[in-house]
Amino acid sequence: MVTFVFVHSMQFSICNKKKEIKMMEAVNIKNIALIAHVDHGKTTLVDAMLRQSGTFRDNQEVKERVMDSNDLERERGITILSKNTSVHWQGVKINIVDTPGHADFGGEVERILRMVNGVLLIVDAFEGPMPQTRFVLRKAMELNLIPIVVINKIDRPNARPAEVLNEIYDLFIELGANDEQIDFPVIYTSARSGLSGFSPDFLEDNLTPLFSTILKYIPAPLVEYNSPLQLLITNLNYDDYVGKIAIGLISRGEIQEGETITLIKRDKSQVYSKVVKLYLFEGLERKEVKRVEAGEIVAIAGISEANIGETIACKEKPEALSKIKIDEPTLAVDFTVNNSPFAGREGKFVTSRHLRERLFKEVETNVSLRVEETESTDTFHVSGRGELHLSILIEKMRREGYEFQVSKPKVIFINIEGARCEPIELMTCDIPKDSLGAVMEICGKRRAELVNMIEFSSDQLRLEFEIPARGLIGFRDEFLTKTKGKGIMHHLFLDYRPYKGPIPTRARGVLIAYESGITSTYGLHNAQGRGTLFVAPVTEVYQGMIVGEHKRINDLEVNVSKRKQVTNMRASGSDEALRLEKPRQFSLEQALDYIQEDELLEITPLNIRLRKKFLDHHSRLQRVKSLKVG
């Protein structure tokens, strides 16, 4: 049971007074993070907690997944950025951080966990623990955070709460949980319906059991009130009126509006700055305050040079907090200025200066990302935690009006004791039983090793593989084809291991536009017999642009702009009788998977085009000859 220690507010600056240092629990504050695998219901549970705590007015119209605030999150149905909110229950303020559920955004999770004392580990009552569950739980246990297990979607058909709970216990034991961590409380919920209970068979029509469990088990922050200020910046936001906003937990001391503080940078240099505004999180809003004590998660405006992982400290006696340790990137792509014949037509920001500024600005808030300049002023080497991590950055930039090109993603190799090692992923596949042979075949080709197989239900299997990260490039599309769209796959970085050997790349060549022009039905119909088309009629193309996939292994140039010759025996309208199959459309991730090392993706606000690095036919032939000679 948590013991509350009430402390009278201090009306003086902590920096100027020497007091006896004494650790105390912050008064009536609980700081928790919601962690889970993708689509296990974190954000929906936050919605229900906000509604039932009285945060919203009775007549207030609130959209679903209110914490997923940006367009990409709402379109994809996933959380990409960590966000803060708070609720009040029985006089206690509960600060809540909603974290991403995808392993590629693990950097968001790792730094946010530094602000909290406990976690709600949310697990689907049917799917059970998944790869990301393992990742976020391991990080929470390393920081000795108190876990509360929430088995969600209890009203889902085929829910199996008893089996899922056993799987969670097994996971805790596997990750080396201590006695306190493995003695976790369990709550059963239906976040969508706002139900919760201590048993899957007896649910109350509210979240009172969940709130009471948080108050009982999650400890209040242990802080130093009578010590110099210390705050680790774990998140950044931006406001059009006050500029950059630094967010973090005050671990000791207090901070006041108008106070001059010391910003301790990552390189240990120090910068003086003034606190312009102070905010606390109240529901979905930021509430302006004059003074905040230790134990609270606070937002600070006015520190324009602030970056994630830096310390805000007292001016007179600045002391830095330990740095945030983030796992290293595993995948890299090259961002290049667009040099295609269509360059500059559709984008607002097209120069290398624009590209450089945007990428280095992203590094300030995206702590898992690395950006390096290359010998070419037009090319930047960008490394991230995975394909989704990089594709979200690409999608954000194209929506902001940037135009550029990206190369095929490559895994990052490292040397361990003289051996060349590559990143290995733990991949979980839920598949129909009749797809087992096909999935095993494609996984075998990609150097995957089966480590576990579970009969998930009467007609479904769960397979666990250890697979090189290289083998995952282009895997999802083939996997969905082999399972007829019924397969579900997730993966998580495991560790680095010795190089597994070559993996076959794309088995077919591509159809390349022979000349620039506008595609015609006649030209496309002739090319259609050679393979699968990627473009529709009346589409502008340029020489060297990829317009389809060849049936054979080699690349082939086709004239998709060719028109039927018009004579007094042939009418131009005769094209209408020709039938074309629907062209294959690529999502951004599918296009990244598809291209090879001699190809690029042209990214603009309006289009995603596949192209060869060398557009001219003779330049491509010379490159092939030089590779053979080499």
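Above this text is the structure in question.
This one's a predicted model, so the numbers in the text were calculated from it and none came from an experiment.

### Brief notes about the overall build of the chain
Of regular secondary structure, the chain possesses 15 helices and 38 strands. Residues classed as buried in the chain amount to 54% of the 630 residues present. Within the chain, counting contacts between residues at least 6 apart in sequence, those at least 24 apart form 71% of the total. Entry remark: accessible area of the chain is about 29300 Å², with carbon and sulfur atoms responsible for 48%.

### A short note on the side chain of Arg 611
Within the fold, Arg 611 resides in strand E38 (residues 608-612). It is Glu 602 that comes nearest to the buried, bridge-free Arg 611 among opposite-charge side chains, at 5.9 Å. Reaching out from Arg 611, the side chain makes a polar contact with the side chain of Gln 405 at a distance of 2.6 Å. Apart from residues no more than four positions distant in its own chain, Arg 611 is found in contact with Asn 339, Ser 340, Gln 405, Tyr 542, Gly 544, Met 545, Ile 546, Glu 599 and Leu 600.

### What about the state of the cysteines?
Taken as a whole and assessed by the stated rule, the structure comprises zero disulfides. Looking at the unpaired Cys 429, the closest cysteine sulfur is the one in Cys 443, lying at 5.3 Å. Relative accessible area serves as the criterion here: at 0%, Cys 429 is assigned to the buried category.

### Section: the packing of helix H8 (residues 352-365) against helix H9 (residues 387-399)
Closest axis-to-axis distance for the H8/H9 pair is 12 Å, and the angle between their directions is 130 degrees. Taken together, the axis directions place H8 and H9 in an arrangement best described as oblique. Every pair of crossing elements has a handedness; the one defined by H8 and H9 is right-handed. Residue-level inspection shows Leu 355, Arg 358, Leu 359 and Glu 362 of H8 in contact with H9, the latter providing Leu 393, Lys 396 and Met 397. Its residues assigned to classes, the contact of H8 with H9 comprises four nonpolar, no polar and three charged.

### Comments concerning the sheet that holds strand E36 (residues 556-558)
Strand order across the open sheet formed by four strands is E33-E35-E31-E36, with mixed pairing between neighbours. If you trace the sheet from one side to the other, it starts and ends with strand E33 (531-533) and E36, each paired once. Strand-to-strand twist in this sheet, taken as the mean axis angle between neighbours without regard to direction, amounts to 35 degrees. Relative to strand E35 (residues 546-550), E33 runs antiparallel, the two being bridged by three bridges. Bridged to Gly 531 within E35 is His 550. Together, strand E31 (510-513), E33 and E36 form the strand contacts of helix H13 (residues 521-528), whose direction differs from that of E33 by roughly 145 degrees.

### Considering helix H4 (residues 131-142)
Helical periodicity: at 3.6 residues per turn, an α-helix aligns residues three or four positions apart in one direction. If you check H4, its first and last C-alpha atoms are 17 Å apart, about what twelve residues at 1.5 Å a residue would give, namely 16 Å. Of all twelve residues that make up H4, ten are buried, and the element is covered over most of its length. With its phi angle positive at about 60 degrees, Asn 144 sits one or two positions after the end of H4.

### Considerations on the pairing of strand E16 (residues 277-282)
Looking at chain direction, E16 and strand E19 (residues 297-301) are connected through four bridges and run antiparallel. Paired with Leu 278 across the strands is Ile 300, a residue of E19. Sheet topology note: the E16/strand E17 (residues 285-289) ladder contains five bridges and is antiparallel. In the strand pairing of E17, Tyr 279 is matched with Glu 288. Where E16 hands over to E17, the hairpin turn is made up of two residues, of which Gly 283 adopts a positive phi near 65 degrees.

### Digging into the packing of H4 against helix H5 (residues 161-174)
Here H4 crosses H5 at 50 degrees, and the two axes come no closer than 10 Å. Viewed along their axes, H4 and H5 adopt a mutual orientation that is oblique. In this structure, H4 crosses over H5, and the sense of that crossing is right-handed. When H4 is examined against H5, the residues Thr 133, Arg 134, Leu 137 and Met 141 are found in contact with a partner set consisting of Leu 171, Phe 172 and Glu 174. Classifying every residue of the contact of H4 with H5 by side-chain character gives four nonpolar, one polar and two charged.

### A look at the packing of aromatic side chains
Any aromatic ring pair is given by two values, namely how distant the centres are and how the planes are angled relative to each other. Tallied over the full model, the rule gives twelve aromatic pairs. Taken together, a centroid distance of 4.6 Å and an interplanar angle of 35 degrees make the contact between Phe 172 and Phe 184 tilted. Of this pair, Phe 172 sits in helix H5 while Phe 184 sits in the loop between helix H6 (179-182) and strand E7 (186-190), placing them twelve residues apart in sequence. Across the pair, Phe 184 and Phe 172 agree in class, each one buried. Between Arg 420 and the ring centre of Phe 413, over which it is positioned, the NZ or CZ distance is 3.9 Å. Residue placement shows Arg 420 over the ring face of Tyr 499; its charged tip is 5.0 Å from the ring centre.

### Topic: H5
With 14 residues, H5 extends 20 Å between its outermost C-alpha atoms, agreeing within 8% with the 20 Å of an ideal straight helix rising 1.5 Å per residue. Residues of H5 that are buried sit in contact with strand E5 (118-124), H4, strand E6 (146-152), H6 and E7.

### Considerations on the side chain of Thr 336
Assignment of secondary structure puts Thr 336 in strand E21 (residues 331-337). Setting aside chain neighbours within four positions, we find Thr 336 in contact with Leu 355, Asp 378, Thr 379, Phe 404 and Gln 405.

### Comments concerning the nonpolar core
Judged by nonpolar contacts, the single largest core of 38 residues is most densely connected at Leu 113, Leu 121, Val 149, Ile 151, Ile 168 and Phe 172. Those residues in contact with Val 149 that lie beyond four places of it in its chain are Leu 121, Ile 168, Phe 172, Phe 184, Pro 185, Val 186 and Ile 187. The next biggest cluster of nonpolar side chains, apart from the first, holds 33 residues, and it includes Val 371, Val 411, Phe 586 and Ile 595.

### A look at the pattern of salt bridges
Any two side chains of opposite charge can pair, so long as their charged atoms come close to each other. Scanning the entire structure with this criterion turns up 36 salt bridges. Arg 356 is the partner of Glu 373 in a salt bridge, and the nearest nitrogen-oxygen pair spans 3.1 Å. Within this pair, whereas Glu 373 is found in strand E22 (residues 370-373), its partner Arg 356 is found in helix H8, the two being separated by 17 residues in sequence. Overlapping salt bridges, with partners in common, bring together Arg 358, Glu 362, Lys 396 and Glu 400 in one network.

### Some details on the layout of surface pockets
Of the volumes computed, that of the second largest pocket is approximately 1000 Å³. Arg 446, Ile 473, Gly 474, Thr 505 and Arg 506 are, among the 30 residues lining the second largest pocket, the residues nearest its centre. For the lining of the second largest pocket, the element with the most residues is helix H12 (residues 475-482), which contributes four residues. The residue makeup of the lining of the second largest pocket, split by class, is ten nonpolar, six polar and 14 charged.

What counts, and where the lines are drawn
Residues numbered from 1 in each chain as written. Predicted model: local features only at pLDDT ≥ 70, side-chain atom pairs only at ≥ 80, totals over all residues. Heavy atoms only, no water. Helix = DSSP H or I, 4+ residues; strand = E, 2+ residues; numbered from the N terminus. Buried < 20%, exposed > 50% of the residue type's maximum accessible area, 1.4 Å probe, protein only. Contact = heavy atoms within 4.5 Å. Areas by Shrake-Rupley, 256 points an atom, 1.4 Å probe, with all protein chains shown as cover. Lys, Arg positive; Asp, Glu negative; His and termini not counted. Salt bridge = Lys/Arg side-chain N within 4 Å of Asp/Glu carboxyl O. Polar contact = N/O pair within 3.5 Å; in protein donor to acceptor, adjacent residues only side chain to side chain. Disulfide = S-S within 2.5 Å. Axes fitted to C-alpha atoms, helices over the stretch in contact; angles between N-to-C directions. Parallel < 35°, antiparallel > 145°, perpendicular 65-115°, else oblique. Left-handed = near helix turned anticlockwise from the far one by under 90°. Nonpolar A, V, L, I, M, F, W, Y, C, P; charged D, E, K, R; others polar. Pairing = 2+ DSSP bridges. Expected span 1.5 Å × (residues − 1). Phe/Tyr/Trp six-rings, centres within 6.5 Å; stacked < 30°, edge-to-face > 60°. Lys NZ or Arg CZ within 6 Å of the ring centre and 35° of its normal. Core = buried A, V, L, I, M, F, W, Y, C linked by side-chain atoms within 4.5 Å. 1 Å grid on protein atoms, 1.4 Å probe; cavity = no way out; pocket = protein on both sides within 12 Å on 5 of 7 lines; lining within 4 Å. Points joined across faces, edges and corners; volume = space filled by probe spheres on them.

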